[in-house]
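# Topology and contacts: notes
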Number of protein chains: 2
Amino acid sequence: MADATTPAPPRTRPARPARAQRREEILRAATRVFGSKGYHAGSLVDVAEQVGITHAGVLHHFGSKDKLLWEVLEYRDRVDVEHLEGKHIPGGLDLFRHLVKTARINADRRGIVQAYSVLTGESVTDGHPAAPWVTQRFTGLRADIAQALREVVDERVAAGGEDGFEIPDADLDRAASAVIGVMDGLQVQWLLDPEAVDLADTTAFAIEAILAATLAGAQRARPLA
Amino acid sequence: MADATTPAPPRTRPARPARAQRREEILRAATRVFGSKGYHAGSLVDVAEQVGITHAGVLHHFGSKDKLLWEVLEYRDRVDVEHLEGKHIPGGLDLFRHLVKTARINADRRGIVQAYSVLTGESVTDGHPAAPWVTQRFTGLRADIAQALREVVDERVAAGGEDGFEIPDADLDRAASAVIGVMDGLQVQWLLDPEAVDLADTTAFAIEAILAATLAGAQRARPLA
DNA sequence: CGGGACTTACTAACTGGTAAGTAAGTGTGG
DNA sequence: CCACACTTACTTACCAGTTAGTAAGTCCCG
């Protein structure tokens, strides 16, 4: 990387700031294109003309379409994280408040919801390049939510008198999957028919229901099991 | 068409039974292809070679790719309906038992689940030809589930003493959307990572949770609202 | 003057769709 | 029972458009 003769070569602050800017511009365009048309149907030409260059120009920066998708996903992760800058992802009941709040905010950000839903849906096709990313994302989310749930349960047991029973990890995982599932599923319904589904409200209701059922624990009736 | 001299021409029972068979063969192949690769990524050539003909042969039967997709969806509806032949779609609590049972069966029918998930996910892209079908399907399902929920509520009120409160329609719609959402969302997670999610069990849990929350009605706490 | 950011030009593969031709089957009149 | 007319189920061949990717050249900034 660095020139051997110069100990602190000026190239470490590597010249063209334009390059990083350009790349980000392309990433944003690609997010829009893949988000609205999907990865397969969205072409490099579509992306390129949104930033006013040719598709070969895009490939100059990213090498291949697959790599571009990868960087788009990575970029989303980066942006989402720095969005809650410093304040780490909340735990306990706060996590669920955060999820509901996100749903509420998302109801005004159709594009982002669509991008997420499209990519997630497309990822279950055979050999889709986004599948690993989506899978990993689900795994992480499930762990986070299960952990927050555990905290809520412990807290409640410590405070109230209702101790004596333990909630098995399997129940927490189940609840976590259900929370993620209902959020994603509602987004799809909402995208297709915004009049018919109140995204924020329904998400809140469903999460509360799952939360309550989990806290009620093993003694609850299981009429369907 | 018919000869003017013959009042009831025998052509009303029109010859070739082979045609219908061939079409069905193609429809099944198309279901597999669109189900595994999606509508956009799945080509007519893929479909054609699964039945041992050329893509022009497929077009001879269906006219265009869009029409083929339409017939595939229609075909799914037809097959699904005649699957519960006679016994109409159940109401009340039986509907929820039916949904859970379906989830349990689906855990052994990966292909069908994938087809459904792929098409649903892809349908939220701009101008997708399957969007109307998916939207309509959601609308119908929501109505069915809300109706069944109403029956469960009424039944419970009539039997137990806990009368006096009414559950607004909005609450039922919310619950219905949530039920559909969680089923779809769990399918996607399960497809991507079958080890991590127990489809039947988690679906049962989530539906029970939503059911319980709805029945508990307005007096329940809404910690997140 | 060097190198990065492109563009132009191209390729090879593939797309859905069309047109025309062929082989086989069906129905009918004699 | 056969010949003719017609239909169906394709195939082959082709089209125009689009795709991702490559190679080579040009321009401009530092």
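Residues numbered from 1 in each chain as written. Chains lettered and ligands numbered in written order. Predicted model: local features only at pLDDT ≥ 70, side-chain atom pairs only at ≥ 80, totals over all residues. Heavy atoms only, no water.

## Points about the overall build of chain A
Secondary structure assignment for chain A yields nine helices and zero strands. Along chain A, from the amino end to the carboxyl end, the secondary structure elements read α-α-α-α-α-α-α-α-α. Residues classed as buried in chain A amount to 46% of the 225 residues present. Of the roughly 11500 Å² of accessible surface on chain A, 55% is carried by carbon and sulfur atoms. (Helix = DSSP H or I, 4+ residues; strand = E, 2+ residues; numbered from the N terminus. Buried < 20%, exposed > 50% of the residue type's maximum accessible area, 1.4 Å probe, protein only. Areas by Shrake-Rupley, 256 points an atom, 1.4 Å probe, with all protein chains shown as cover.)

## Details of the protein's contact with DNA strand C
The environment of DNA strand C is made up of 19 residues, and the closest members are Arg19, Arg22 and Thr54 of chain A together with His55 and Lys65 of chain B. Considering the 4 Å shell around the protein, atoms of DNA strand C inside it are sugar or phosphate in 64% of instances. Here Arg19 of chain A contributes a side-chain N or O atom positioned 3.2 Å from a phosphate oxygen of DNA strand C. A distance of 3.2 Å separates a phosphate oxygen of DNA strand C from a polar backbone atom of Leu44 of chain B. Looking at the surface near DNA strand C, the elements with two or more residues in it are helix H1 (17–37) and helix H3 (55–62) of chain A together with helix H2 (44–50) and helix H3 (55–62) of chain B. Looking at the surface near DNA strand C, the element that brings in the most residues is H3 of chain A, giving four residues. (Near = heavy atom within 4 Å. Polar contact = N/O pair within 3.5 Å; in protein donor to acceptor, adjacent residues only side chain to side chain.)

## Details of empty space enclosed by the protein
A probe as big as a water molecule, rolled over the atoms, marks out the empty space that is left. For the structure shown, the criterion picks out two cavities of 30 Å³ or more. Each pocket or cavity is described by its volume, and for the largest cavity that value is around 180 Å³. Elements with a contribution of two residues or more to the lining of the largest cavity: helix H6 (110–122) and helix H8 (169–192) of chain A together with helix H6 (110–122) and helix H8 (169–192) of chain B. Looking at the lining of the largest cavity residue by residue, the class counts come to four nonpolar, ten polar and two charged. When its volume is computed, the second largest cavity comes out at roughly 30 Å³. Lining the second largest cavity are Ala103, Asn106, Met183, Gln187, Leu199 and Thr203 of chain A. A class-by-class count of the residues in the lining of the second largest cavity yields three nonpolar, three polar and no charged. (1 Å grid on protein atoms, 1.4 Å probe; cavity = no way out; pocket = protein on both sides within 12 Å on 5 of 7 lines; lining within 4 Å. Points joined across faces, edges and corners; volume = space filled by probe spheres on them. Nonpolar A, V, L, I, M, F, W, Y, C, P; charged D, E, K, R; others polar.)

## Thoughts on the pattern of salt bridges
For the structure shown, the criterion picks out 18 salt bridges over all chains. The partner of Asp193 of chain B in a salt bridge is Arg142 of chain A, with the nearest N and O atoms 3.7 Å apart. Of this pair, Asp193 of chain B sits in the loop between H8 and helix H9 (199–216) while Arg142 of chain A is found in helix H7 (residues 131–159), placing the two residues in two different chains. The pair formed by Asp193 of chain B and Arg142 of chain A is uniform in burial state, with each residue classed as buried. Asp46 of chain B serves as the salt-bridge partner of Lys37 of chain B, at 3.0 Å between the closest nitrogen and oxygen. According to the relative accessible area criterion, Lys37 of chain B is partly exposed, its value standing at 37%. Note on Asp46 of chain B: relative accessible area 18%, which makes it buried. One salt-bridge network, in which partners are shared between bridges, spans Asp171 and Arg174 of chain A together with Asp201 of chain B. (Salt bridge = Lys/Arg side-chain N within 4 Å of Asp/Glu carboxyl O.)

## Side note on the interface of chain B and chain A
How big an interface is tends to be stated in terms of accessible area lost as the parts join. Counting from both sides, the interface comprises 57 residues of chain B and, opposite them, 57 residues of chain A. Carbon and sulfur atoms make up 65% of the area that chain B and chain A hide from each other, which totals about 4600 Å². Viewed at the interface, chain A and chain B are joined by twelve residue pairs in polar contact (both at pLDDT 80 or more). Elements with a contribution of two residues or more to the side of chain B that touches chain A: helix H1 (18–37), helix H5 (92–106), H6, helix H7 (131–159), H8 and H9 of chain B. Of the residues that constitute the side of chain B that touches chain A, the class distribution is 30 nonpolar, 17 polar and ten charged. (Contact = heavy atoms within 4.5 Å. Buried area = accessible area lost by both parts, 1.4 Å probe.)

## Quick look at the packing of H7 of chain A against H8 of chain B
Between H7 of chain A and H8 of chain B, whose axes approach to 10 Å, the crossing angle comes to 115°. Comparing the axis directions of H7 of chain A and H8 of chain B gives the class roughly perpendicular. Taken as a pair, H7 of chain A and H8 of chain B cross one another with a handedness that is left-handed. For the pair H7 of chain A and H8 of chain B, contact is made by Ala131, Val134, Thr135, Phe138 and Arg142 of chain A and by Val188, Gln189 and Leu192 of chain B, respectively. Broken down by class, the residue content of the contact of H7 of chain A with H8 of chain B amounts to five nonpolar, two polar and one charged. (Axes fitted to C-alpha atoms, helices over the stretch in contact; angles between N-to-C directions. Parallel < 35°, antiparallel > 145°, perpendicular 65-115°, else oblique. Left-handed = near helix turned anticlockwise from the far one by under 90°.)

## What about helix H9 (residues 199–216) of chain A?
Residues and elements named next belong to chain A. Compared with an ideal rise of 1.5 Å per residue, which puts 18 residues at 26 Å, H9 spans 26 Å between its outermost C-alpha atoms and is within 8% of the ideal. Burial within H9 is extensive, with 14 of its 18 residues counted as buried. N-cap assignment for H9: the residue whose side-chain oxygen lies 3.3 Å from the backbone N of Ala200 is Asp198. Looking one or two residues past H9, Gly217 carries a phi angle of roughly 70°, positive in sign. (Expected span 1.5 Å × (residues − 1).)

## Here we look at the relation of the copies chain B and chain A
Each copy superposes on the other: chain B lies on chain A with an RMSD of 0.1 Å after a rotation of 180° and an axial shift of 0.0 Å. Both copies of the chain, as the preceding transformation shows, are related through a two-fold rotation axis. (Least-squares fit on C-alpha atoms with pLDDT ≥ 70 in both.)

## Comments concerning the nonpolar core
Leu68 and Phe96 of chain A together with Leu68 and Phe96 of chain B are the most contacted members of the largest nonpolar core, which has 128 residues in total. Leu68 of chain B has contacts with Ile26, Leu27, Ala30, Phe34, Leu44, Val58 and Phe62 of chain B, leaving out every residue within four places of it along the chain. (Core = buried A, V, L, I, M, F, W, Y, C linked by side-chain atoms within 4.5 Å.)

## Describing the protein's contact with DNA strand D
In the region of DNA strand D, 17 residues are neighbours, and His55 and Lys65 of chain A together with Arg19, Arg22 and Thr54 of chain B sit closest. Put simply, 62% of the atoms of DNA strand D that lie within 4 Å of the protein are in sugar or phosphate. Take Leu44 of chain A: an N or O atom from its main chain is 3.1 Å from a phosphate oxygen of DNA strand D. At a separation of 3.1 Å, a phosphate oxygen of DNA strand D approaches a polar side-chain atom of Arg22 of chain B. Secondary structure elements with two or more residues in the surface near DNA strand D: H3 of chain A together with H1 and H3 of chain B. The leading source of residues in the surface near DNA strand D is H3 of chain B, at four residues. Considering only residue class, the surface near DNA strand D consists of five nonpolar, eight polar and four charged.

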